[in-house]
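Summary of structural features
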Amino acid sequence: QVQLLESGGGLVQAGGSLKLSCAVSGTTSRMNSMGWYRQAPGNQRELVATVSRGSTTTYADSVKGRFTISMDNAKNTVYLQMNSLKPEDTAVYYCQCVTTYYVTYWGQGTQVTVSS
């Protein structure tokens, strides 16, 4: 059974940094892409950043220049380095992976709270 294990969330002051990690277990198949989404209270889940197996990245406009996504293909692990954090970045961050058969899996989410 494929599972995604997220780590690295927490409480940080505005202007600080956090690094999220997400490791896929239960399969040795390579992922077609991996990404991070977030959901703040009262809001819909939104894309933060994605990275393809070929290292093509996409970012939400709100995080460009502040967040960096990367993927270790051999470990099926994705990272999100978040710098210059703002209170509006506060949300539950979810890891997503898409297999080469285009099956999508989600993690349970990790809370990121940025205090002003």
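Our structure is the block above this text.
Now for a description of the structure that goes with this document. (Residues numbered from 1 in each chain as written. Predicted model: local features only at pLDDT ≥ 70, side-chain atom pairs only at ≥ 80, totals over all residues. Heavy atoms only, no water.)

1. Looking at the side chain of T50
Along the chain, the position of T50 falls in strand β5 (residues 46–52). Reaching out from T50, the side chain makes a polar contact with the side chain of T58 at a distance of 2.4 Å. Apart from residues lying up to four places away in sequence, T50 is in contact with M34, G35, Y37, T56, T57, T58 and I69. (Helix = DSSP H or I, 4+ residues; strand = E, 2+ residues; numbered from the N terminus. Polar contact = N/O pair within 3.5 Å; in protein donor to acceptor, adjacent residues only side chain to side chain. Contact = heavy atoms within 4.5 Å.)

2. So, the pairing of strand β7 (residues 67–72)
Of the two faces of β7, only one is covered, namely that formed by F67, I69 and M71; the face formed by T68, S70 and D72 stays uncovered. Across six bridges, β7 lies against strand β8 (residues 77–82) in antiparallel orientation. Its bridge partner being in β8, I69 is matched across the sheet by L80. Hairpin connection, β7 to β8: the antiparallel pair is bridged by four residues, and N76 has positive phi, about 50°. (Buried < 20%, exposed > 50% of the residue type's maximum accessible area, 1.4 Å probe, protein only. Pairing = 2+ DSSP bridges.)

3. Section: the state of the cysteines
All chains considered together, the criterion is met by one disulfide. Put simply, C22 and C95 are joined by a disulfide, and their sulfur atoms are 2.1 Å apart. Looking down the S-S bond of the C22 and C95 bridge, the torsion is -85°, so its handedness is left-handed. Within this pair, whereas C22 is found in strand β3 (residues 18–25), its partner C95 is found in strand β9 (residues 91–99), the two being separated by 73 residues in sequence. Classification of C95 as buried rests on a relative accessible area of 0%. (Disulfide = S-S within 2.5 Å.)

By themselves, these observations are geometric and do not establish any function.
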